[in-house]
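Listed below, chain by chain, are the residues.
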Amino acid sequence: MARTRDRAGLETIGYALLDSPAALAAWIVEKFWSWTDHDGDLEGVVTRDELLDNLMLYRLPRTGASSARLYWESIRQVDAWISGSATDTVTVPTGCSIFPKELHRPSRRWAERRFLDIRYWNEPERGGHFAALEQPELFVEEVRAFFRLVR
């Protein structure tokens, strides 16, 4: 029953995200405020223009509701992966950058049970859920550091 109520709540916010630019802006800015590593100064990490650009990527194609639904539908599975046992494994070479303000931060011990060939592991000092936007130079260096090991 709770799952049904949760889905109804998601569908309710979905209508607002599709119908109201103000609701979509509030939703997106709240996610950036909550999920970004900014020490109280969001504009010091993500500019207003970048926030507006991001907002328009949801507003113009009208994908705010589907974006919210993706998080709602996948969050339980992600929680299960991180807190539970690894039943499906990944055997390809893997690089992991665990940013400090990411929503889910798996431990290396857990990751090694699922990703059987971790070649690169790093826990940078900055970055959150939107690390590529927040810290683009750091993010690129993380990607390059992994691929130097596997080329």
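In the block above lies the structure referred to throughout.
A brief structural summary.

Cut-offs applied
- Residues numbered from 1 in each chain as written.
- Predicted model: local features only at pLDDT ≥ 70, side-chain atom pairs only at ≥ 80, totals over all residues.
- Heavy atoms only, no water.
- Phe/Tyr/Trp six-rings, centres within 6.5 Å; stacked < 30°, edge-to-face > 60°.
- Buried < 20%, exposed > 50% of the residue type's maximum accessible area, 1.4 Å probe, protein only.
- Lys NZ or Arg CZ within 6 Å of the ring centre and 35° of its normal.
- Helix = DSSP H or I, 4+ residues; strand = E, 2+ residues; numbered from the N terminus.
- Expected span 1.5 Å × (residues − 1).
- Contact = heavy atoms within 4.5 Å.
- Pairing = 2+ DSSP bridges.
- Right-handed = clockwise from strand over helix to strand, strands pointing away.

### Some words on the packing of aromatic side chains
For step 1, the next point in the chain: Going through the model one piece at a time under the given rule, you end up with 5 aromatic pairs.
For step 2, the next point in the chain: Between Trp-110 and Phe-115, the ring centres sit 6.3 Å apart and the planes meet at 75 degrees, which makes this aromatic pair edge-to-face.
For step 3, the next point in the chain: With a centroid separation of 4.8 Å and an interplanar angle of 70 degrees, the aromatic rings of Phe-146 and Phe-147 are classed as edge-to-face.
For step 4, the next point in the chain: According to the relative accessible area criterion, Phe-146 is buried, its value standing at 10%.
For step 5, the next point in the chain: Owing to a relative accessible area of 47%, Phe-147 belongs among the partly exposed residues under this scheme.
For step 6, the next point in the chain: A network of ring pairs unites the aromatic residues Phe-32, Trp-35 and Phe-130 as a single cluster.
For step 7, the next point in the chain: Between the NZ or CZ atom of Lys-31 and the centre of the ring of Trp-27, over which it lies, the distance is 4.5 Å.

### Notes on helix α3 (residues 48–59)
For step 1, the next point in the chain: If you check α3, its first and last C-alpha atoms are 16 Å apart, about what 12 residues at 1.5 Å a residue would give, namely 16 Å.
For step 2, the next point in the chain: The elements touched by buried residues of α3 are α2 (21–35).

### What to know about the pairing of strand β1 (residues 94–97)
For step 1, the next point in the chain: Of the two faces of β1, only the one carrying Thr-94 and Cys-96 is buried; Gly-95 and Ser-97 on the other face are not.
For step 2, the next point in the chain: Relative to strand β2 (residues 118–122), β1 runs parallel, the two sharing 4 bridges. Its bridge partner being in β2, Ser-97 is matched across the sheet by Asn-122.
For step 3, the next point in the chain: A crossover connection joins β1 to the parallel β2 through helix α5 (residues 108–114); in handedness this β-α-β unit is right-handed.

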